[in-house]
Amino acid sequence: MNMHAARAASGLDTLKTILGIPVLAIRWDDAIALLNRLIAERRFTKVSFLNAHNANLAYTDPVFAQALDDFLILPDGIGVDLAAKLLYGAPFPDNLNGTDFVPAFLQASTKPLTVGLLGATRVNAEAASRKLAAIAVQHNFVVIHDGYFSAAEEAGIVDRIEELRPDVLLVAMGVPRQELWIARHIDARHCTLPIAVGALLDFLSGAVPRAPLWMRRLRLEWLFRLAVEPGRLWRRYMVGNPLFLWRVARQKLSRAPAGDAK
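Scoring rules and cut-offs
Residues numbered from 1 in each chain as written. Predicted model: local features only at pLDDT ≥ 70, side-chain atom pairs only at ≥ 80, totals over all residues. Heavy atoms only, no water. 1 Å grid on protein atoms, 1.4 Å probe; cavity = no way out; pocket = protein on both sides within 12 Å on 5 of 7 lines; lining within 4 Å. Points joined across faces, edges and corners; volume = space filled by probe spheres on them. Helix = DSSP H or I, 4+ residues; strand = E, 2+ residues; numbered from the N terminus. Buried < 20%, exposed > 50% of the residue type's maximum accessible area, 1.4 Å probe, protein only. Pairing = 2+ DSSP bridges. Axes fitted to C-alpha atoms, helices over the stretch in contact; angles between N-to-C directions. Parallel < 35°, antiparallel > 145°, perpendicular 65-115°, else oblique. Left-handed = near helix turned anticlockwise from the far one by under 90°. Contact = heavy atoms within 4.5 Å. Nonpolar A, V, L, I, M, F, W, Y, C, P; charged D, E, K, R; others polar. Patch = residues over 30% accessible without salt bridge, like charges linked within 9 Å, V, L, I, M, F, W, Y side chains within 5 Å. Areas by Shrake-Rupley, 256 points an atom, 1.4 Å probe, with all protein chains shown as cover. Salt bridge = Lys/Arg side-chain N within 4 Å of Asp/Glu carboxyl O. Expected span 1.5 Å × (residues − 1).

Visitor: Tell me about empty space enclosed by the protein, and name the residues and values.
Guide: In this approach the atoms are scanned with a rolling probe the size of a water molecule, which exposes any empty space left behind. For the structure shown, the criterion picks out one cavity of 30 Å³ or more. Reported here for the largest cavity is a volume of approximately 30 Å³. Forming the walls of the largest cavity are Phe203, Val208, Pro209, Phe224, Arg225, Val228 and Glu229. When residues of the lining of the largest cavity are assigned to their parent elements, the largest contribution, three residues, is made by helix α12 (residues 221–228).

Visitor: I'd like to hear about the pairing of strand β3 (residues 46–50), residue by residue, with values.
Guide: For β3, the buried fraction is high: five of the five residues fall into the buried class. Side chains Lys46, Ser48 and Leu50 project from β3 onto one buried face, and the interleaved Val47 and Phe49 project onto a second face that is buried too. As judged from the five bridges shared by β3 and strand β4 (residues 71–75), these two strands associate in the parallel manner. Bridge pairing in β4 places Lys46 opposite Phe71.

Visitor: A description of the environment of Arg37 should follow, citing residues and the corresponding values.
Guide: The topology assignment puts Arg37 in helix α2 (residues 28–40). Taking the C-alpha atoms as reference points, Arg37 and Asp81, separated by 44 residues in sequence, lie 26 Å from one another.

Visitor: Give a detailed account of the packing of helix α5 (residues 78–88) against helix α13 (residues 230–253), specifying residues and quantitative values.
Guide: It is the contact of α5 with α13, at a shortest axis distance of 10 Å, that shows an interaxial angle of 20°. The orientation of α5 with respect to α13, classified from their angle, is roughly parallel. Here the hand of the crossing between α5 and α13 comes out right-handed. Within the contact between the two elements, α5 uses Gly79, Val80, Leu82, Ala83, Leu86 and Leu87 and α13 uses Phe244, Leu245, Val248, Ala249, Gln251 and Lys252. The residue inventory of the contact of α5 with α13, partitioned by class, reads nine nonpolar, two polar and one charged.

Visitor: Could you give an account of a nonpolar patch on the surface, naming the residues involved and the relevant values?
Guide: A contiguous nonpolar surface patch, about 230 Å² in accessible area, is contributed by Ile78, Leu82 and Leu245. Take Leu245: it is sitting in helix α13.

Visitor: A description of helix α7 (residues 122–135) should follow, citing residues and the corresponding values.
Guide: Relative to the 20 Å expected for 14 residues at 1.5 Å per residue, α7 spans 20 Å between its end C-alpha atoms, a close match to the ideal helical length. Among all positions of α7, only Asn124, Ala125, Ala127, Ala128, Ser129 and Leu132 are buried. In the core, the buried residues of α7 are packed alongside α6 (98–108), β5 (114–119), β6 (140–145), β7 (168–172) and α10 (200–205).

Visitor: Any chance you could break down unusual backbone geometry for me, citing the residues and the numbers?
Guide: Cis peptide bonds are those with omega within 30 degrees of zero, and the linkage from Val175 to Pro176 qualifies with 0°. Here Pro176 lies in the loop between β7 and α9 (177–185). Unusually for a residue other than glycine, Leu19 sits at a positive phi of about 50°. The residue Leu19 is located in the loop between β1 (15–18) and β2 (21–24) in this model. Positive phi, normally seen in glycine, also occurs at Arg42, with a value near 50°. Within the secondary structure, Arg42 sits in the loop between α2 and β3. For Arg42, a relative accessible area of 53% translates into the label exposed.

Visitor: An account of the pattern of salt bridges is requested, with residue identities and associated values reported.
Guide: Applying the stated rule across the entire model yields ten salt bridges. With a shortest N-O distance of 3.3 Å, Glu41 and Arg43 are connected by a salt bridge. On the accessibility criterion, Arg43 (32% relative accessible area) is partly exposed. Shared partners join several salt bridges into a network, and the residues in it are Asp100, Arg210, Arg216 and Glu221.

In structure tokens:
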């Protein structure tokens, strides 16, 4: 199911296009209900999240942008909120960042599900699986493989996913590798909801610390992450965030809010 079909299935028609990427404007509880309905109806739907960093990558990578066009995209973070406010006069209804939303979705899903985990290191994936099993005891969590596999191992991993056929497949390989991998290898034979989750397994394992709750409430988690990993993240935030907002301003000035200002 692509984004437009998912929109129709949700009974909603609210999309906000950010730098050419259509993002679903939806409340937290409605998003959980939508994903549960897609699983119940076994409607194959690829799911990802758009934040300023992903939007910047898609802006300069047409292959990634084309792949995202076939995903249901949820809004993640203050950057896309600022963009929505500038372009459409209002932010997204809720911040559906995957680190908080995916565990909450699994907790709220009462029907027992099989959830596959693919990505991160084996140690972190196993620790994340235990954490999820503790907070969502109704589900069966299965670590399929870490994210550091060779091309020769790929076919076997895909076969294992098809054999397991989980309701949900959490793919944690970083952007854009995880979305491109899902687009190239995963279809309705393999699972119902493949979700690109970035660093979720690392966060759940405790290997990468989360910002304090007060910082998250102030929408400053990016600042905490920058302080923890400045060498890896300074360019993403200190260069990428202003660049994203400049590109959004160009989209606004183009007088074509539903399109891109390339």
